[in-house]
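Each chain, letter by letter, is given below.
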Amino acid sequence: MPQELNVLFVCTGNICRSAAADALASMYFRHAPIHVASAGTRGLIDHPIQPNVGKILLNAGIDASSFRSQRLTQPIAVKQDIIFCFEKRQRSSIVALAPSMVKHTYLLTDFANMCQYADVNGLIPNSDIAGRLRYVDAVSQMLRTRVPEGQEIADPYGKQDEDYQRAVYETAMALKMIIVPSRPVPGVAAAAPGSEYQAAPAMSTVGSDPVPAGAAPVATGAGADRDAFPVAAAYMPRHAGRVIRSNGA
């Protein structure tokens, strides 16, 4: 049996973004040898998930009522294989706390972009989720030079409902890009610099509603359906019925 991969999501308070990522990844990775946890650089101690975030997840069929927050410590950080965060300053705080994790700590959207680039260039040799994460982490120094900088996922705490929706949606879409292999670009040579791929979605607005700039990433293969990826499948519960199509759909 393969060794379990330890993955940690880190935001500031550990009740919104990293809490949502913890709940989503725990579902997405449920059949993989991956242990998921979360913490905050200034994390609240033993708090439940923020109610707006909990409601969004519950509407997507994920019950996060048992979640409790924790503060990131050096012992927690160093026992991880990969750490994902949501803002550059969080990455700086993590690396200052645990310098040995500098090569294994990423903006979530940076890692998503690297996964997509590796996919379309036929670089990832493993088909399982844990193998994908291990491979991209191992070659991340090379991949970083070939993808655009990932977008930060803004802290929704204390803001409007749509800000919570956007944060959970962007988190879910980045996770989907990490997990589900993207359709390779025909004729692209392996590791070709400048090859086409779609970066993790930034958000723009249409009317008063935030939607992803461009289109949702192409996803194929097992688990790419609505049931396997709640939240990521159809923007947000209040936008039910709106379909965000990929360029390749």
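Refer to the structure presented above.
Rules of the game
Residues numbered from 1 in each chain as written. Predicted model: local features only at pLDDT ≥ 70, side-chain atom pairs only at ≥ 80, totals over all residues. Heavy atoms only, no water. Axes fitted to C-alpha atoms, helices over the stretch in contact; angles between N-to-C directions. Helix = DSSP H or I, 4+ residues; strand = E, 2+ residues; numbered from the N terminus. Parallel < 35°, antiparallel > 145°, perpendicular 65-115°, else oblique. Contact = heavy atoms within 4.5 Å. Nonpolar A, V, L, I, M, F, W, Y, C, P; charged D, E, K, R; others polar. Pairing = 2+ DSSP bridges.

Chemist: Describe the packing of helix 5 (residues 108-120) against helix 6 (residues 129-138), with residues and values.
Modeler: At a minimum axis distance of 10 Å, the contact between helix 5 and helix 6 shows a crossing angle of 100 degrees. Here helix 6 runs roughly perpendicular to helix 5, going by the angle between their axes. Contacts between helix 5 and helix 6 involve Phe 111, Met 114, Cys 115 and Asp 119 from the former and Arg 132, Leu 133, Val 136 and Asp 137 from the latter. Of the residues contributing to the contact of helix 5 with helix 6, the split by class is five nonpolar, no polar and three charged.

Chemist: Can you explain the sheet that holds strand 2 (residues 34-40)? Please cite residues and give values.
Modeler: Within the open sheet, the four strands sit side by side as 2-1-3-4. Their pairing is parallel. Every other strand in the sheet has two partners, leaving strand 2 and strand 4 (105-107) as the edge strands with one partner each. On average, adjacent strands in this sheet sit at an angle of 25 degrees to one another, irrespective of strand direction. In this structure, strand 3 (residues 82-85) lies alongside strand 4, joined through three bridges in parallel fashion. Bridge assignment links Ile 83 to a residue of strand 4, and that residue is Thr 105.

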